Amino acid sequence: LVGRGGWEVFAKDFSDRRYVLLFLLVNDADLFQRAKATAIRLGLPLKIVCGGFLPQYGLDAWSGVGVSEWVNLMAHASVVFTNSFHGSIFALMFGKRLWTARLKGDMAPKNDRVEQLFGLFGLGGVIDRDFAVVENARFDCTIKPLQVVGRKFLREIVEKVGRK
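First, a word on what this report is: a plain description of the structure on this page. (Residues numbered from 1 in each chain as written. Predicted model: local features only at pLDDT ≥ 70, side-chain atom pairs only at ≥ 80, totals over all residues. Heavy atoms only, no water.)

Once that is clear, we can look at helix α3 (residues 67-76). Within α3, seven of the 10 residues are buried, which leaves it mostly tucked inside the rest of the structure. Turning to α3, its buried residues number three or more, namely Trp70, Val71, Asn72, Leu73, Met74, Ala75 and His76. (Buried < 20%, exposed > 50% of the residue type's maximum accessible area, 1.4 Å probe, protein only. Helix = DSSP H or I, 4+ residues; strand = E, 2+ residues; numbered from the N terminus.)

Here it is as structure tokens:
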């Protein structure tokens, strides 16, 4: 419901702007290896943020970071690797080079959301195969109608609750 400008409020300026970010919803050793190889090739540090677990990769990793810190890491990364819908949409929103991996096993049904998101931007063929980038103006134009629908839906729910 909130566009890039609304989230940039959380993305404070900080000095170590050049890094590769790996955001893992669930552990994925192959995605870790891909992110690590890219960081080495680019000569950049790899920062790892995990959703509720800490993998044993021999590098510092954070779990349970706050909203401001998480948005800040997304906004300032040079490249983002993720297997998360939210990681994907925030990376696209901030115009980052993004590699999104499909979830596996029991989590595989959740891939539909990422596939629908990428389809909106004509990126359906790049999941798990190539980097995705969406220019800021294109992101804004594509997402704006969805924001209007989402806000209307939320307003209707609030009004219904208020009438009870």
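Additional details are given in the paragraphs that follow.
Here Asp60 shows up in the loop between β2 (46-50) and β3 (61-63). Residue classification places Asp60 among the exposed residues on the basis of a relative accessible area of 63%. In the structure, Asp60 is positioned 13 residues away from Lys47 in sequence and 7.3 Å away in space, judged by C-alpha atoms.

Below, the discussion takes up a nonpolar patch on the surface. Residues Phe153, Ile157 and Val161 make up a contiguous nonpolar surface patch of about 300 Å² in total accessible area. Here Val161 is to be found in helix α6 (residues 136-163). Classification of Val161 by relative accessible area gives exposed; the value is 56%. (Patch = residues over 30% accessible without salt bridge, like charges linked within 9 Å, V, L, I, M, F, W, Y side chains within 5 Å. Areas by Shrake-Rupley, 256 points an atom, 1.4 Å probe, with all protein chains shown as cover. Salt bridge = Lys/Arg side-chain N within 4 Å of Asp/Glu carboxyl O.)

Quick look at the packing of helix α4 (residues 85-93) against helix α5 (residues 111-120) now. When two helices pack together, their arrangement is captured by the angle between the axes and the distance separating the axes. Where α4 contacts α5, the axes come no closer than 9 Å and their chain directions differ by 20°. Judged on the interaxial angle alone, α5 and α4 are roughly parallel. Read as a crossing pair, α4 and α5 show a hand that is right-handed. Where α4 abuts α5, its residues Phe85, His86, Ser88, Ile89 and Leu92 lie against Arg113, Val114, Leu117 and Phe118. Looking at the contact of α4 with α5, its residues break down into six nonpolar, two polar and one charged. (Axes fitted to C-alpha atoms, helices over the stretch in contact; angles between N-to-C directions. Parallel < 35°, antiparallel > 145°, perpendicular 65-115°, else oblique. Left-handed = near helix turned anticlockwise from the far one by under 90°. Contact = heavy atoms within 4.5 Å. Nonpolar A, V, L, I, M, F, W, Y, C, P; charged D, E, K, R; others polar.)

This brings us to the pairing of strand β4 (residues 79-82). Here β4 shows a buried face lined by Val79 and Phe81 and a second buried face lined by Val80 and Thr82. Strand direction decides the pairing type here: strand β1 (residues 20-24) and β4, joined by four bridges, are parallel. Looking at the pairing, Phe23 lines up with Thr82 of β4. With four bridges connecting them, β4 and strand β5 (residues 97-100) associate as parallel partners. Its bridge partner lying in β5, Phe81 is registered against Trp99. Since β4 and β5 lie parallel, the crossover through α4 that links them has a hand, and here it is right-handed. (Pairing = 2+ DSSP bridges. Right-handed = clockwise from strand over helix to strand, strands pointing away.)

At a closest axis distance of 9 Å, the pairing of α3 and α4 adopts a crossing angle of 55°. The orientation of α3 with respect to α4, classified from their angle, is oblique. Along this stretch, α3 crosses α4, giving a crossing that reads as right-handed. Contact residues: α3 offers Trp70, Val71 and Met74, while α4 offers His86, Gly87, Phe90 and Ala91. Looking at the contact of α3 with α4 residue by residue, the class counts come to five nonpolar, two polar and no charged.

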